[in-house]
Amino acid sequence: MTTEQRSRGPRTLAEELRARSDEQLSGLLRARTDLLSPLPGDISQLATRAGTRASVVRALDRLDVFTLQVAEALAIAPQPCPYDTLAGLLPGGERELPRALAALRGRALLWGAEREPRLVRTAQEVLAPTAARPGTTGLGPTVAEACAGISPRRVQELLTGAGLPGTGDAVSAVNALTELFGDEQRFARLLEEAPDGALTALDRLAWGPPYGEVSARPGPQLRWLLDRGLLLPHQPGTVVLPREVALRLRGGRAHRELRPQPPRVTARGQYTPDTVDAAGAGAAQGAVALIDELLSGWSADPPAVLRTGGVGVRDLKRTAVALDIPEPQAAFWAELAYGAGLVAGDGEADERYAPTPSYDVWSSEPGQLRWARLAAVWLAGTRVPGLVGGRDGKGRPLSALGPGLDRGPAAELRRRVVELLAAVEPGTAPEPSAIRDHIGWELPRRMPAEARDALCEAALAEAELLGVTGRGALTSFGRALLGPAGTPDGTASAPEADITPDAADTDDAVGGGSADAGAATGEAPGTATFPASVTGPGAGVDSAGVPVPGPAEAFAPPAPSTGGWLGRAAEPTVLEAARLLGPLLPEPLDHFLLQADLTAVAPGPLLREPAATMALAADIESKGGATVYRFTPDSVRRALDSGWSPAALHDFLAAHSRTPVPQPLSYLIDDVARRHGRLRVGVAAGYLRCEDEALLTQVLADRRTETLRLRRIAPTVLISGTPPEILLARLRELGFAPAAESAEGAVLTAAATSHRTPPRTAPEPVPDGPPAADDRLLTAAVRAIRAGDDSGGSPRATASGAPAGGRTAVPAPFGALPRTSPADTLAVLQAAALTGALVRIGYVGADGIAGQRILAPVRVEGGFVTAFDHTAEEVRTYPLHRITGTAELPEG
């Protein structure tokens, strides 16, 4: 751009975008990823799409409070707006004003000369105050807009009332009034003549809302204001304060409270990093154990899938009782397992939720890796468990694992909360209210304030439950989930939180903060509740999967990693988090301590097989760092029903106990085994068989068995109309120890059936915007846009005024069609995508015609290669099975 061009500024947004560097265009596409899908054909298309209402609203929704206030000030200012005029509308924000203007310009919401910027017209229409939407400025319409419905004669009367000479037309009369209200000295002299009460009426409307009601016969003070245009009629019985008058009364301020800086984040407590990690590791260990226990229970007794989808209230309550946790937490753990692809519907006619084959893979991994995968799923998920139990916008109930729980901003807000926790000093626990206020400053338009605050509270509560935080501070392994240096992709996080510690809540190297001590012992805090405003339907977006073959117009950025346990993109951060957590978790044990009071104490987590056997043969009495089991007649019978013999139980306890097997426990096993199976239950509808006639007589004489409708047909046989499974359960409740038998008379063991679904993929998150694009994708997109612009004959000037160019010449493809093996083709394309090298490929189109292409691969995944095609000068996606092979480009 020449010096003359820089002084006068560009004439259009497209002209300004055309003059930007490739890095600046990449920054625009990174900030507004919706502009990438479909890819604009040239700069003009990019500018047009950047000015559409949907795209502008999406960009405005991601501005912080001060940048949004700058945009609102520009919306009420003349266009173009001189820099000094804009600064006058925002007194006190002069230091942050350049940053805000740069942010608006970088997002193509602002264009024009540096000292006379222009707001994009669509942004003006969205942000300018109207009667239906006064906005945060509280300003009304301009004098010209308010006088649009007033007769020319009345406008002349207003001039006379204000002491101005009449004009020949209404337009010049309106301009005269506008000049009067904009002149500070003349306006002050006019107000000196105001009667008592007139200035008070103006002050009431000065900061908004600018509309007020008047009677058919207004008082003298209001009549004086109406006759001079200081108040103008809006509707019958309603008046409005013109924008110029309000600004003069405010002293030129566009906003009552300017917020150029984010609110300070105060610290609730200060702990040593080791204390925080220990507390978080305890919660992480408990989280993995809870997921394992939940899915083991659902494997044996899967809950039914509701007709509308999801888990029923009764099944959720039963799960919460089994896990000994509140129902909201049971919903959270179930949703986490569902998001990780560990549980799904089995697809049968009588559909039920059951663990997937992925659960078996996950459960075989080390504990730290299992936790890291769950934490990555939580961080990237868009489902909000706190909505369970509420209703959607149509009044339908929301169920765990059911539809309607996705909220687009959830993942972004959750990640931003963790980033704020990572921005403070390690070991610092910020105040939850301070985190909410900070997020509210950063994303004031992202969603309603009540819903945003509820999501922030939920993110903090869930982070503590999961072990991402300990005692309210971010753990080292939780920080690793964000990427290198505790920030996404290794970049610096947005304005660092200003922490003000509270000396009363600090702790020494041992660790204090008794109010949060429960986190260290694995006790989970309560989950957040959600207001009705959160339960509205979330914004839907096009699902972004693997790009399909097609021209540049069909190109879309790839979908983000699901965060599921199979998600490859999250793997480096998952492995790093697992590496940091590993040393903090206790090693799984293969032994326990048997005690004489029929209890057993596992001093740490047990290995999978001993833990499963103990859960079968004994009841869990308490959990924590150590687990206490209690042996009862019912628990021993449960093991015998599952196929364990008394001898096998004795051998198992002797092999895994570090203490001798107590005599009372041996007697208990032998006594239950002696009575077990003496009564046999089979199918008649049901029958009882026993070699001990006295025992059958006892059962028949027991008044409690009257409801079973037992009848003796032989000395050793009773029959009943009750089904065998009910007969078994009822007799066990009465203290007997029956066993089921087959038609051949053999005892049937009730070995637990492990229900599994067919292979299932984890559900995709549903963000309310396109996924973020990486650098290679942005480079290819900018290159394609430039190519379309150049082919259309649109000149592009560099900062020095020279035409843009300088791209390395790419030779045309020639020679025989490259032919290589599929493995070699894939390897070459993947290497080129990493290094940015050019590759010559052979390609057979859908019409069967073979040809050659020169590609700069951007991404190779899902059976497709996305690349900038130098032959066609655009971004294209090719299926790998149609590529015949690759070849090196000739040098020079």
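All values derive from a computational prediction rather than experimental measurement.

S.K.: Please explain the overall build of the protein chain as it appears in this structure.
M.R.: A tally of helices and strands in the protein chain yields 34 helices and 27 strands. By residue count, 49% of the 892 residues in the protein chain fall in the buried class. Partitioning the contacts of the protein chain with sequence separation of at least 6, the portion at a separation of at least 24 is 69%. Counting only carbon and sulfur atoms, one obtains 54% of the accessible surface of the protein chain, whose full area is about 40,900 Å².

S.K.: Where do I start with the sheet that holds strand S27 (residues 883-887) in this structure?
M.R.: Working definition: the strands of a sheet are paired by backbone hydrogen bonds and lie parallel or antiparallel to each other. As summarised here, the arrangement of the five strands in space is S26-S25-S24-S23-S27, forming an open sheet in which the pairing is antiparallel. Because the sheet does not close on itself, it has two edges, and the strands there are strand S26 (874-879) and S27. The mean angle between the axes of side-by-side strands here comes to 45°, regardless of whether they run parallel or antiparallel. This element, helix H34 (residues 822-835), spans strand S23 (839-844), strand S24 (850-861), strand S25 (864-869) and S27 of the sheet and lies at about 60° to S24.

S.K.: I tried to follow the confidence of the model for the protein chain on my own but got confused; where do I start?
M.R.: When pLDDT is low, close inspection of the predicted coordinates is not appropriate. Per-residue pLDDT for the protein chain has a mean of 81; in total, 83% of the residues score no lower than 70. Every residue in residues 487-570 is under pLDDT 50, and counting partners more than four places away or in other chains gives 183 contacts. Low pLDDT, under 50, characterises residues 797-808; the predicted model gives this stretch 17 contacts beyond four residues in sequence or across chains.

S.K.: Even after reading the chapter, I still don't get the environment of Leu443, so can you show me in this structure?
M.R.: Within the secondary structure layout, Leu443 lies in the loop between helix H23 (432-442) and helix H24 (449-466). In sequence terms Leu443 and Asp64 are 379 residues apart; their C-alpha atoms lie 5.4 Å from each other. For Leu443, the contacting residues outside a window of four places in its chain are Asp61, Arg62, Leu63, Glu412, Leu413 and Arg452.

S.K.: Help me understand the sheet that holds strand S15 (residues 619-622) in this model?
M.R.: Spatial ordering of the open sheet is given by S13-S14-S16-S15, a layout of four strands whose pairing is antiparallel. Lying at the two open borders of the sheet, with one neighbouring strand each, are strand S13 (593-594) and S15. Direction of pairing for S15 relative to strand S16 (residues 627-630): antiparallel, over a ladder of three bridges. For Asp619, the partnering residue across the bridge sits in S16 and is Arg630.

S.K.: Can you help me understand the pattern of salt bridges in this one?
M.R.: Two side chains with opposite charge may pair up if their charged atoms get near one another. The tally for this structure, following the rule as stated, stands at 40 salt bridges. Note that Asp775 and Arg30 form a salt bridge whose closest N and O atoms lie 2.6 Å from each other. Of this pair, Asp775 sits in helix H33 (residues 775-791) while Arg30 sits in helix H3 (residues 22-31), and the two are 745 residues apart along the sequence. With its nearest N and O atoms 2.5 Å apart, the salt bridge here joins Arg630 to Glu621. Residues joined by salt bridges that share partners form a network here, namely Arg154, Glu157, Arg223 and Asp227.

S.K.: Which parts of the structure should I look at to understand empty space enclosed by the protein?
M.R.: In this approach the atoms are scanned with a rolling probe the size of a water molecule, which exposes any empty space left behind. What the rule picks out here adds up to two cavities of 30 Å³ or more. In this structure, the largest cavity spans a volume of roughly 70 Å³. In terms of lining residues, the largest cavity is bounded by Val384, Ala410, Leu413, Arg414, Leu455, Cys456, Ala458, Ala459 and Glu462. Those elements giving two or more residues to the lining of the largest cavity turn out to be helix H22 (410-423) and H24. Element by element, the count of residues in the lining of the largest cavity is highest for H24, at five residues. Here the residues of the lining of the largest cavity are counted per class, giving seven nonpolar, no polar and two charged. In this model, the second largest cavity occupies a volume close to 30 Å³. Taken together, Ala617, Phe631, Val636, Leu649, Leu653 and Ile669 form the lining of the second largest cavity. For the lining of the second largest cavity, a count of residues per class yields six nonpolar, no polar and no charged.

S.K.: Help me understand the packing of aromatic side chains in this model?
M.R.: Describing an aromatic ring pair means giving the distance of the ring centres and the angle of the ring planes. All chains considered together, the criterion is met by seven aromatic pairs. When the centroid spacing of 6.0 Å and the interplanar angle of 40° are considered together, the rings of Phe592 and Phe652 count as tilted. Taken together, the positions of Phe592 in the loop between helix H26 (571-581) and S13 and Phe652 in helix H29 (residues 646-656) put the pair 60 residues apart, joining distant regions of the chain. Residue Phe592 is classed as buried on the basis of its relative accessible area, which comes to 0%.

S.K.: What should I look at first to understand unusual backbone geometry in this one?
M.R.: Trans is the common state for peptide bonds, and a negative phi is the common state for residues other than glycine. At the junction of Gln79 and Pro80, the peptide bond is cis and its omega measures out at -5° in the coordinates. Mapped onto the secondary structure, Pro80 falls in the loop between helix H6 (65-76) and helix H7 (83-89). Positive phi outside glycine occurs at Asp324, with the angle close to 60°. In this model, Leu401 sits at a positive phi of 65°, which is unusual for a non-glycine residue.

S.K.: Any chance you could explain the pairing of strand S1 (residues 110-113) here in plain terms?
M.R.: In regular strands, side chains alternate between the two faces of the sheet. Note that S1 and strand S2 (residues 116-119) share four bridges and pair antiparallel. Within the sheet, the bridge partner assigned to Trp111 lies in S2 and is Arg118. Between S1 and the antiparallel strand that follows it, S2, lie two residues.

S.K.: For this particular structure, what's the right way to read the packing of helix H17 (residues 273-300) against H24?
M.R.: In a packed pair of helices, the relevant descriptors are the angle between the two axes and the axis-to-axis distance. Look at H17 against H24: their axes get within 6 Å of each other, and the N-to-C directions meet at 85°. As summarised for this structure, H17 and H24 are arranged roughly perpendicular, according to the angle between their axes. Where H17 abuts H24, its residues Ala283, Ala284 and Ala287 lie against Glu464, Leu465 and Leu466.

S.K.: Could you clarify how one ought to interpret the pairing of strand S14 (residues 599-602) in this entry?
M.R.: Here S14 shows a buried face lined by Thr599 and Val601 and a second buried face lined by Ala600 and Ala602. Sheet analysis places S13 next to S14, joined by two bridges and oriented antiparallel. Each residue of the ladder has a partner; that of Leu593, found in S14, is Val601. Hairpin geometry of S13 and S14 is characterised by an intervening segment of four residues between the two adjacent antiparallel strands and by a positive phi of about 65° at Leu598.

S.K.: What exactly am I supposed to notice about the environment of Gly310 here?
M.R.: Along the chain, Gly310 falls in the loop between H17 and helix H18 (313-323). A sequence separation of 93 residues divides Gly310 from Pro403, and the C-alpha atoms of the two residues are 7.2 Å apart. Leaving out residues up to four positions away in the same chain, Gly310 has contacts with Ala304, Val305, Tyr353, Ser399, Ala400, Leu401 and Gly402.

S.K.: When you look at the environment of Ala615 in this model, what are you seeing that I'm missing?
M.R.: Inspection of the secondary structure puts Ala615 in helix H27 (residues 608-617). Judged by relative accessible area, which is 38%, Ala615 ranks as partly exposed. The contact partners of Ala615, leaving out residues within four places of it in the chain, are Tyr629 and Arg638.

S.K.: Teacher, can you tell me more about H34 here?
M.R.: One turn of an α-helix holds 3.6 residues; hence residues three or four places apart share an orientation. Counted at 1.5 Å a residue, the expected span for H34 with its 14 residues is 20 Å, and the 20 Å between its end C-alpha atoms agrees. Residues of H34 that are buried: Thr825, Leu829, Ala832 and Ala833. The buried side chains of H34 occupy one side of the element, clustering within an arc of 100° when seen end-on. Exposed side chains of H34 directed beyond 90 degrees from the buried face belong to Ala823, Leu834 and Thr835. One or two steps after H34, the chain reaches Gly836, where phi turns positive at roughly 80°.

Cut-off values and rules
Residues numbered from 1 in each chain as written. Predicted model: local features only at pLDDT ≥ 70, side-chain atom pairs only at ≥ 80, totals over all residues. Heavy atoms only, no water. Helix = DSSP H or I, 4+ residues; strand = E, 2+ residues; numbered from the N terminus. Buried < 20%, exposed > 50% of the residue type's maximum accessible area, 1.4 Å probe, protein only. Contact = heavy atoms within 4.5 Å. Areas by Shrake-Rupley, 256 points an atom, 1.4 Å probe, with all protein chains shown as cover. Pairing = 2+ DSSP bridges. Axes fitted to C-alpha atoms, helices over the stretch in contact; angles between N-to-C directions. pLDDT = per-residue confidence, 0-100. Salt bridge = Lys/Arg side-chain N within 4 Å of Asp/Glu carboxyl O. 1 Å grid on protein atoms, 1.4 Å probe; cavity = no way out; pocket = protein on both sides within 12 Å on 5 of 7 lines; lining within 4 Å. Points joined across faces, edges and corners; volume = space filled by probe spheres on them. Nonpolar A, V, L, I, M, F, W, Y, C, P; charged D, E, K, R; others polar. Phe/Tyr/Trp six-rings, centres within 6.5 Å; stacked < 30°, edge-to-face > 60°. Parallel < 35°, antiparallel > 145°, perpendicular 65-115°, else oblique. Expected span 1.5 Å × (residues − 1). Arc of directions from axis to C-beta.

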